[in-house]
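A look at the structure
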Amino acid sequence: MADLYIGKKFNAADKSLGDRFFLDSGDLTTHGIVIGMTGSGKTGFSIGIIEELLKAKVPVIVIDPKGDMGNLALAFDRLAPEQFEPWIDRDEAAREGKSVGDMAKAAAETWAKGLHDWGIEAPDVAAYAAGRRIRMYTPGATAGIPINLIDSLAAPGMDFEQNEEELRDEIDSIVTALLGLVKIAADPVSSREYIYLFSLIENAWRNNQDLDLHSLIAQVANPPIQKVGALAVDAFYPQKDRDGLMFALNNLVASPPFEVWRQGQPIDIESWVRSADGRPQLSIVYTAHLEDEQRIFVTALILNKLKTWMRKQPGTSELRLLFYMDEIFGYFPPSANPPTKKPLLTLLKQARAYGVGILLSTQNPVDLDYKGLGNMGFWAIGRLQTTQDQNRVKQGIEAALADAASDISFETLIGGVQKRVFLVHDIHRKKPELVNSRFAMSYLRGPLTRDEIRGLGEGISGTAAEKQALTSAASPAAHAGGTARTSTPAPAMSPALPLPLRAKYLDLRGGNMAEAYVVVKTAARYKAGGVASDEVKRTLAFRLAPDLALGELLDQEPIEVDDDRLSGDLPAGLMFGDLPGFAAASDGAKVIERALRDRLDDRLAAELIFDPVTKKFSNLGEDEAAFAARLGGSAGVSAKRTALDTKIAKLERDIATKREEVKGRKFEKWLSVLTAILSNLNVFTGSSKRVKTTGMGSVLTKNRMENTAENRREALEAQLKELRAQREELDAPETSRFERRTIKPTKTDVSIIRYDIAWVY
């Protein structure tokens, strides 16, 4: 095991740095999560861990959906300005009125000083750079080393009977992802397409037969199996219906944009882990250029191939490989089940025994499956955007503090977190620590484009020979008995966007001229008087006019967008307007994100209905009638209704008792009156003697007692009337009591779920 130098201990009280903080590489076999909002420094923190692992000769596989992890290739052995110059943002230099050379010199000086302050010098960087090997893989593109993903259906080379569970999991992910690419729902129970493809692949693998997409399509039309379950193939899935699936898969093969998906070599984890010269290998799979469905497809295949490779390795307690994913959002959600979720969960549960560590990164801990968090022994928590995010991680940290008998609260620790400072919880340590991440040896210049990946050099992005591996897949006579396929011109492309922005398309007017909009999906909570609304999700679009200044982006009124109407498919014959300069620049995504985070809360002011009785807010867009109906059926109202029913029943019993008491007091009063009359009869019969009357005090006392009992009964009946009125209001709330309040959420109560550029036509 190796000690990984990832930073120094941080004192939140005076913001001073203490001793170096080392992480035992073996601790990563219990897996980890790096959490932090944009700008918290989580990518730099993760890159520092990967650099230390490569120094310790531990290979690493990285899935890079944002494009940042290619920065690991930018470790310059001399820290010289000319090494930085090709990676300087020329647009940024122009905006600052500086030459590229001046910017490169400043970057070199910044990196040399930053590393020196952390005890790292140029010779250390040179030794690190020479001691590891990096390969950049670009599925669906030839910028780096292409991967043949469409044809990655080869038999795994394992006994199917002995490894049935994991191989079935792998087939499940392949079929789900493959059907996702052709827009077919893949339900394991009700989808005939899913069950049929699963049966074909399982049959081939049981017989140790390799498949590619072409041979799978042929089997769809003419299956080598007689039955699916208890039914004959034609009864389960008639020929006419099978033809529909066959054509859908064939369109995928024939589509010119997918030609590149069949170039290169199939996924081979062994070659990704072990280089021929023995140096530890860093294999980065760049997916920032892909659509969501394609990213899921790629990642699911790699995860399952990793799981199959892992099962072939001998057990060990040492870390033999780290798998890192830079942003797990959407791949491991708490409720949905994308094809990436099951293999990830399996790896988190079982990989430790094989010495494989899983390290994930996310901005949104609430979007991570809790089972995954429970299987992670290393947490690094940076700045969090919302209290909901903090609450998600609070319980585990507080448990660790309690075990350590620490007198420091979670709130105190998380309050000390700032940029590049992380609250580190490691189950192998006595207590959580605040750690300031060290300066990265790699130049953190931001996301790389595909053109920049080409510029990394053949040693990283692949030799010409490696890229020429497409010939067997792309030659005209390579498939179906040598039948040549004529090439079709690629469809028109929408204007290039700065990464990681993706193009979406929205038909609002049915025209053929598209204008650009920033489309942002948000989640916000509205608070007033100590009461918070439920989370309100909205998708808003802000027009990107060609002459728009950045400061004007959030000044305009947005349009509300139905998420389901946004498409990732480029419509035919569409023409495109120009983007404003700030959006077209290489750092356009970061500029737009900063503007959204700074001012989006101002555009989310909303008028909500507030009920002062139940202290509840309406949902956004909910009218009074719907709000009243929802209040009447809510769990909270049901609880209040039950409580009122209990009080009403008790009052009714008390009133009945008081009524009997009033009757008794009346009887006692009149009995006392009669007794007094009889006792003083001589007064009324005209006796000549002066006689003193008796018994009148008792009569007055009984009268007061009657009045008191009557008053108590009336008071109880008044209470009963009020409670019954409240009960009626709960059953059908009177809308006249509602109040309308215009409320703006605070910045901390606004989350940006995602943002992209939509071409609206």
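The structure we're discussing is the one just above.
Summarised in this report is the structure supplied together with it. Bear in mind the structure is a predicted one, so any value in this text is a computation, not a measurement. (Residues numbered from 1 in each chain as written. Predicted model: local features only at pLDDT ≥ 70, side-chain atom pairs only at ≥ 80, totals over all residues. Heavy atoms only, no water.)

Scanning the chain from terminus to terminus reveals 26 helices and 24 strands. When each of the 761 residues of the chain is scored for burial, the buried share is 50%. Long-range pairs, those at least 24 residues apart, make up 75% of the contacts in the chain with a sequence separation of at least 6. For the chain, the exposed area adds up to about 34,700 Å²; of that, 51% sits on carbon and sulfur atoms. (Helix = DSSP H or I, 4+ residues; strand = E, 2+ residues; numbered from the N terminus. Buried < 20%, exposed > 50% of the residue type's maximum accessible area, 1.4 Å probe, protein only. Contact = heavy atoms within 4.5 Å. Areas by Shrake-Rupley, 256 points an atom, 1.4 Å probe, with all protein chains shown as cover.)

The next subject is the packing of helix 6 (residues 164–181) against helix 7 (residues 192–206). Running from N to C, helix 6 and helix 7 cross one another at 135°; their axes reach a closest spacing of 10 Å. When the axes of helix 6 and helix 7 are compared, the pair comes out oblique. Pair helix 6 / helix 7 crosses with right-handed handedness. Facing Glu164, Leu167, Arg168, Glu170, Ile171, Asp172, Ile174, Val175, Thr176 and Leu179 of helix 6, the residues of helix 7 in contact are Glu193, Tyr194, Leu197, Phe198, Ile201, Glu202, Trp205 and Arg206. Each residue belonging to the contact of helix 6 with helix 7 can be placed in one class, and the counts come to 10 nonpolar, one polar and seven charged. (Axes fitted to C-alpha atoms, helices over the stretch in contact; angles between N-to-C directions. Parallel < 35°, antiparallel > 145°, perpendicular 65-115°, else oblique. Left-handed = near helix turned anticlockwise from the far one by under 90°. Nonpolar A, V, L, I, M, F, W, Y, C, P; charged D, E, K, R; others polar.)

Taken as a whole and judged by the stated rule, the model has 44 salt bridges. A salt bridge links Arg740 to Glu607, with the shortest nitrogen-to-oxygen separation between them at 3.3 Å. Pair noted here: Arg740 is in strand 23 (residues 739–743) and Glu607 is in strand 21 (residues 606–611), with a separation of 133 residues, a long-range link. Residue classification places Glu607 among the partly exposed positions, given a relative accessible area of 48%. Across the salt bridge formed by Arg740 and Glu624, the nearest N and O atoms sit 3.7 Å from each other. Of the two residues, Arg740 sits in strand 23 while Glu624 sits in helix 23 (residues 624–633), which places them 116 residues apart along the sequence. Each of Glu161, Glu164, Arg168, Glu202 and Arg206 takes part in a single network of salt bridges with overlapping partners. (Salt bridge = Lys/Arg side-chain N within 4 Å of Asp/Glu carboxyl O.)

Let us now look at the packing of aromatic side chains. For the structure on display, the rule yields 14 aromatic pairs. Geometrically, the ring pair formed by Phe236 and Tyr237 is edge-to-face, given 6.4 Å between the ring centres and 75° between the ring planes. Tyr237 shares its class with Phe236; the two are buried. A cation sits over an aromatic face here: Arg132 above Tyr128, 4.8 Å from the ring centre. (Phe/Tyr/Trp six-rings, centres within 6.5 Å; stacked < 30°, edge-to-face > 60°. Lys NZ or Arg CZ within 6 Å of the ring centre and 35° of its normal.)

With that settled, the discussion passes to helix 12 (residues 292–311). An α-helical turn contains 3.6 residues, so a residue and the one three or four places further along point in the same direction. Its 20 residues give helix 12 an end-to-end C-alpha distance of 29 Å, which sits within 8% of 28 Å, the value for a rise of 1.5 Å per residue. With 18 of 20 residues buried, helix 12 lies mostly within the body of the structure. (Expected span 1.5 Å × (residues − 1).)

Taken together, the 11 strands give an open sheet; going across it, the order is 2-1-13-12-11-3-10-9-4-8-5, and neighbouring strands pair in mixed fashion. Edge positions in the sheet fall to strand 2 (16–24) and strand 5 (133–137), since each of these pairs with one other strand and no more. Direction aside, neighbouring strands of the sheet carry axes that sit 25° apart on average. Relative to strand 10 (residues 356–362), strand 3 (residues 32–35) is paired through four bridges, and the arrangement is parallel. Residue pairing for strand 10: Ile35 is matched across the bridge by Thr362. Packing of helix 1 (residues 42–55) onto the sheet brings it into contact with strand 1 (3–11), strand 3, strand 4 (60–64), strand 8 (281–286), strand 9 (321–326), strand 10, strand 11 (378–381), strand 12 (421–426) and strand 13 (433–437), and relative to strand 1 it is tilted by some 145°. (Pairing = 2+ DSSP bridges.)

Once that is clear, we can look at the pairing of strand 1. If a strand is regular, its side chains alternate between the two faces of the sheet. Sheet topology note: the strand 1/strand 2 ladder contains seven bridges and is antiparallel. Opposite Lys8, over in strand 2, you have Arg20 as the bridge partner. Where strand 1 folds back on strand 2, the antiparallel hairpin that results is connected by four residues, among which Lys15 adopts a positive phi of roughly 60°. Where strand 1 meets strand 13, three bridges bridge the pair, whose relative direction is antiparallel. When the sheet's bridge partners are listed, Gly7 is paired in strand 13 with Ser437.

Below, the discussion takes up the packing of helix 7 against helix 8 (residues 213–221). When two helices pack together, their arrangement is given by the angle between the helix axes and by the axis-to-axis distance. Running from N to C, helix 7 and helix 8 point in directions that differ by 115°, and their axes come no closer than 11 Å. The interaxial crossing formed by helix 7 with helix 8 has right-handed handedness. Here Tyr196, Leu197, Leu200 and Ile201 of helix 7 come into contact with helix 8, specifically with Leu216, Gln219 and Val220.

As a further point, take the sheet that holds strand 21. The strand order 22-21-23 describes an open sheet built from three strands, whose pairing is antiparallel. The strands lining the two open edges of the sheet, one partner per strand, are strand 22 (616–617) and strand 23. Two strands pair when backbone bridges link them, and strand 21 and strand 22 are joined in this way by two bridges, in the antiparallel orientation. Across the sheet, the residue bridging to Phe610 is Phe617, located in strand 22.

For strand 15 (residues 513–524), a buried count of 10 out of 12 residues is recorded, marking the element as mostly surrounded by other parts of the structure. Two elements, strand 15 and strand 20 (residues 575–576), share two bridges in a ladder whose sense is parallel. Paired with Met513 across the strands is Met575, a residue of strand 20. Where strand 15 meets strand 24 (residues 750–760), 10 bridges bridge the pair, whose relative direction is antiparallel. The residue of strand 24 that forms the bridge with Ala524 is Val750.

For Ser437, the location among the structural elements is in strand 13. Those residues within four positions of Ser437 in sequence are excluded, and the remaining contacts are Ile6, Gly7, Phe45, Trp118, Arg420 and Phe422.

It is worth spelling out unusual backbone geometry at this point. In this model, His31 sits at a positive phi of 70°, which is unusual for a non-glycine residue. One can find His31 in the loop between strand 2 and strand 3. The class of His31 is buried, set by a relative accessible area of 1%. Look at Glu327: it is not a glycine, yet its phi comes out positive at around 95°. If you trace the backbone, Glu327 turns up in the loop between strand 9 and helix 13 (341–350). Owing to a relative accessible area of 9%, Glu327 belongs among the buried residues under this scheme.

On to the nonpolar core. Ranked by size, the top nonpolar core spans 93 residues in total, and within it Tyr196, Leu197, Leu216, Trp272 and Phe323 carry the most contacts. Looking at this core, the element that brings in the most residues is helix 12, giving nine residues. Setting aside its immediate chain neighbours within four residues, Trp272 contacts Ile61, Tyr137, Ile147, Ile267, Gln281, Ser283, Val285 and Ile302. Core analysis: the next-biggest nonpolar cluster, separate from the first, contains 64 residues, Ile49, Ala75, Leu319 and Leu448 among them. (Core = buried A, V, L, I, M, F, W, Y, C linked by side-chain atoms within 4.5 Å.)

What follows covers the environment of Arg95. Tracing the chain through its elements places Arg95 in helix 3 (residues 90–95). Note on Arg95: relative accessible area 48%, which makes it partly exposed.

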